[in-house]
Amino acid sequence: MNFIEISTIIPPGKFEEIQRFLLKNGDRRTYRNFDNHNPHYTFSNCEVFLGADIGQRNSNNNPAISNFNQLTITDYDSALRYYELIIVRKGDLEAEKAWLKVGMEEEQVYLVDVYGKGLALMKKNLSVYLEQIEKELKADTK
């Protein structure tokens, strides 16, 4: 299995809060060949990108066309550079949204090991990024 459920670490509501923050405060940056102009924000210890829930059918990541169910945390200075988080919203499985894998359940958030780095290590390291993101989200609302 190359994914684990992490809703206790990042509940769906927190995923959605980060997504809204990126769309409101971020810029656009392409970080892969699959699509372009991804919503992006640079936090102090990482960069975060969003990916559209209909994949390449929204290759320019236009929020008016679809939502975002993929959140990728990147740290280019680390041996583990990519942390892919997927939210499965109610109705996503039936709609066959992009990024979903067999075994995922609705109303959950998952960590996906795209590059075979090891889920246990990824999960352990993820908290460092999430703590800083949370800190900066709180500072923005003050």
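Data block above holds the structure.
Below you will find a few notes about this structure.

About the cut-offs
- Position numbers for residues start from 1 in each chain and track the written sequence from start to end.
- Local features are withheld for residues below a pLDDT of 70 in this predicted model, meaning they are given only at 70 or higher, and side-chain atom pairs are given and counted only at 80 or more; totals for whole chains, interfaces and linings count all residues.
- Hydrogens and water molecules were not included; the side-chain quantities draw on all heavy atoms of the structure.
- Note on pairing: DSSP must find at least two bridges between two strands before they are called paired.
- To qualify as a helix, a DSSP run of H or I must reach at least 4 residues; to qualify as a strand, a run of E must reach at least 2; elements of each kind are numbered from the N terminus.
- Lines fitted to the C-alpha atoms define the axes, with helices restricted to the stretch that makes contact. Angles between their N-to-C directions range from 0 to 180 degrees.
- Exposed residues in this analysis have more than 50% of their type's maximum accessible area, buried residues have under 20%, and partly exposed residues fall in between, with area computed by a 1.4 Å probe over protein chains only.

**Section: the sheet that holds strand S1 (residues 3–5)**
Right, so step 1: What the seven strands build is an open sheet, ordered S1-S7-S6-S5-S4-S3-S2; its pairing is antiparallel. In this open sheet, the two edge strands, each paired with only one partner strand, are S1 and strand S2 (27–29). Each strand axis lies, on average, 30° off the axis of its neighbour in the sheet, ignoring direction.
Right, so step 2: Bridge analysis of S1 against strand S7 (residues 108–112) gives three bridges, and the strand direction is antiparallel.

**Points about the pairing of strand S4 (residues 47–52)**
Right, so step 1: Within S4, six of the six residues are buried, which leaves the element mostly enclosed by the surrounding structure.
Right, so step 2: With burial as the criterion, each face of S4 is covered, one bearing Glu47, Phe49 and Gly51 and the other bearing Val48, Leu50 and Ala52.
Right, so step 3: As judged from the three bridges shared by strand S3 (residues 38–42) and S4, these two strands associate in the antiparallel manner. Each residue of the ladder has a partner; that of threonine 42, found in S4, is glutamate 47.
Right, so step 4: Linkage of S3 to S4, two consecutive antiparallel strands, is achieved through a turn of four residues.
Right, so step 5: Relative to strand S5 (residues 68–74), S4 runs antiparallel, the two being bridged by six bridges. If you follow valine 48 over to S5, its bridge partner there is isoleucine 73.

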